[in-house]
Amino acid sequence: MGKVVLVTGASRQLGGRFVRRVQRDPDVERVIAVDAAPPPHRLGSAEFVRTDIRQSAIARVLAEYAVDTVVHLAVTGGRAGTGGAHSAVKETNVIGTMQLLGACQKSPTVRRLVVKSSTSVYGGTSRDPAVFTETTEPKSLPAGGFAKDAAEVEGYVRGFARRRPDVAVCVLRFANILGPFADSALAEYFSIPVMPTVLGYDPRLQFVHEDDVLDVLRLAAQEPRRGTLNSGTFNIAGDGVLLLSQCSRRLGRPTLPLPLPAVTWAGSALRAVGVTDFSPEQTRLLTHGRVVDTTQMREVLGFEPAYTTAETFADFARSRGNGLLPPERMARAVGQLAAVLKVDDGSDAGVDEGEGAKR
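Residues numbered from 1 in each chain as written. Predicted model: local features only at pLDDT ≥ 70, side-chain atom pairs only at ≥ 80, totals over all residues. Heavy atoms only, no water.

**Some words on the sheet that holds strand β5 (residues 112-118)**
For step 1, the next point in the chain: Taken in spatial order, the seven strands line up as β3-β2-β1-β4-β5-β6-β11 in an open sheet, and their pairing is parallel. Both outer strands of the open sheet, β3 (47-50) and β11 (232-236), are each paired with one neighbouring strand and no more. Recorded for the sheet is a direction-independent mean angle of 20° between the axes of neighbouring strands. (Pairing = 2+ DSSP bridges. Helix = DSSP H or I, 4+ residues; strand = E, 2+ residues; numbered from the N terminus. Axes fitted to C-alpha atoms, helices over the stretch in contact; angles between N-to-C directions.)

Below is the structure:
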């Protein structure tokens, strides 16, 4: 008998793509796609079960299909314009995870659990280290939003792992996911014609391509390859970093630097009209940035992303089209400005040296 894989969050685009991808695994016999709402996309040969993981019915699904592998992708952030739906998202993230883990704990057939998490669990303050490893403790726990949800979810997953040591548990902390189909709050922010930024800050950002997300999820759901281990917690991100200013130039979208209180106000206004979910969590990211170490991803998990951070962002930028200022013109303007400043620095230095020689 092949594996029976249950995937939560199948109605979101990432969940639907993973459902279609995992079906191609020769070791997988059956894929059960679960969500509270019917999917707007095709799921291939997977069997869709409409159920809310916040309800106890999920236990019956695990038992009915004798599921042995659970891939939990229903831990997500909110969407812009959803109004009061954030409470429902939080309930799905936290209460839904608790119900799912309770069902897995009682199931005699479950042998592997993969949980989609986020590097946002590290938070973001001026006191944090330049690079986070999987063992780094945040200086201050996330106070709310998706980051707090993800931190709570990971706490429940650690408790489950202690109670069911026979189940292989893999937690994947993804950097910001981008790509042509990205539908996150950050993707919406990068689509604004003029991007508000925090005055005096140019944060370092990391991205992971949505195709790499699918590949590493599939790797985590399989038996480990020789010399690797896909149980534990792993940071997942593409190589390298980009500054927010570089991102704006490559998109051709100018920035509007604002004092932090004004950015907070602008974020509330954008959120109110449904343009983007500019949450306090995102404001912290655009102030302090976040970079993670991926050594464990390569040396233990045995995964090598196909896209770097820069390549991921380039693929995303192509899908969004040119902004108000074409990237080529912005690059030329920045180059010309740098040359002018360099000449000015040289001229000033020459005057100073001449005056020094006269003295």
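**A closer look at the pattern of salt bridges**
For step 1, the next point in the chain: Tallying each qualifying case throughout the model produces 14 salt bridges.
For step 2, the next point in the chain: R21 is the salt-bridge partner of D215, the closest N and O atoms lying 2.5 Å from each other. Of the two residues, D215 is situated in helix α6 (residues 210-221) and R21 in helix α1 (residues 13-22); the sequence distance between them amounts to 194 residues.
For step 3, the next point in the chain: The class for D215 is partly exposed, based on a relative accessible area of 32%.
For step 4, the next point in the chain: Across the pair D239 and R298 runs a salt bridge, and its minimum N-O distance is 2.3 Å. Residue D239 is located in the loop between β11 and β12 (242-243), and its partner R298 is located in helix α10 (residues 295-299); the two are separated by 59 residues in the primary sequence.
For step 5, the next point in the chain: Taking relative accessible area as the criterion, D239 reaches 38% and is therefore assigned partly exposed. (Salt bridge = Lys/Arg side-chain N within 4 Å of Asp/Glu carboxyl O. Buried < 20%, exposed > 50% of the residue type's maximum accessible area, 1.4 Å probe, protein only.)

**Regarding the side chain of K116**
For step 1, the next point in the chain: You can see K116 is positioned in strand β5.
For step 2, the next point in the chain: The charged side chain of K116 is buried without a salt bridge, its nearest counter-charge being D183 at 8.5 Å.
For step 3, the next point in the chain: One polar contact links the side chain of K116 to the main-chain carbonyl oxygen of V75, over a distance of 3.2 Å.
For step 4, the next point in the chain: Apart from the residues lying within four places of it in its own chain, the contact partners of K116 are L14, H72, L73, V75, T76, L172, F174 and I177. (Lys, Arg positive; Asp, Glu negative; His and termini not counted. Polar contact = N/O pair within 3.5 Å; in protein donor to acceptor, adjacent residues only side chain to side chain. Contact = heavy atoms within 4.5 Å.)

**Section: the side chain of T287**
For step 1, the next point in the chain: Among the structural elements, T287 can be located in helix α9 (residues 280-288).
For step 2, the next point in the chain: On the accessibility criterion, T287 (7% relative accessible area) is buried.
For step 3, the next point in the chain: Polar side-chain contacts of T287 include one of 2.7 Å to the backbone oxygen of T283.
For step 4, the next point in the chain: Those residues within four positions of T287 in sequence are excluded, and the remaining contacts are V198, Y201, P203 and L260.

**As for the packing of aromatic side chains**
For step 1, the next point in the chain: Here the structure, examined in full by the defined rule, presents seven aromatic pairs.
For step 2, the next point in the chain: Geometrically, the ring pair formed by Y122 and F132 is stacked, given 4.8 Å between the ring centres and 15° between the ring planes. Of this pair, Y122 sits in the loop between β5 and α4 (145-163) while F132 sits in the loop between β5 and α4, and the two are ten residues apart along the sequence.
For step 3, the next point in the chain: On the numbers, 5.5 Å between centres and 55° between planes, the contact of Y189 with F190 is tilted. Both residues of the pair, Y189 and F190, belong to the buried class.
For step 4, the next point in the chain: Pairwise contacts between aromatic rings join Y189, F190, F207, F313 and F316 into one cluster. (Phe/Tyr/Trp six-rings, centres within 6.5 Å; stacked < 30°, edge-to-face > 60°.)

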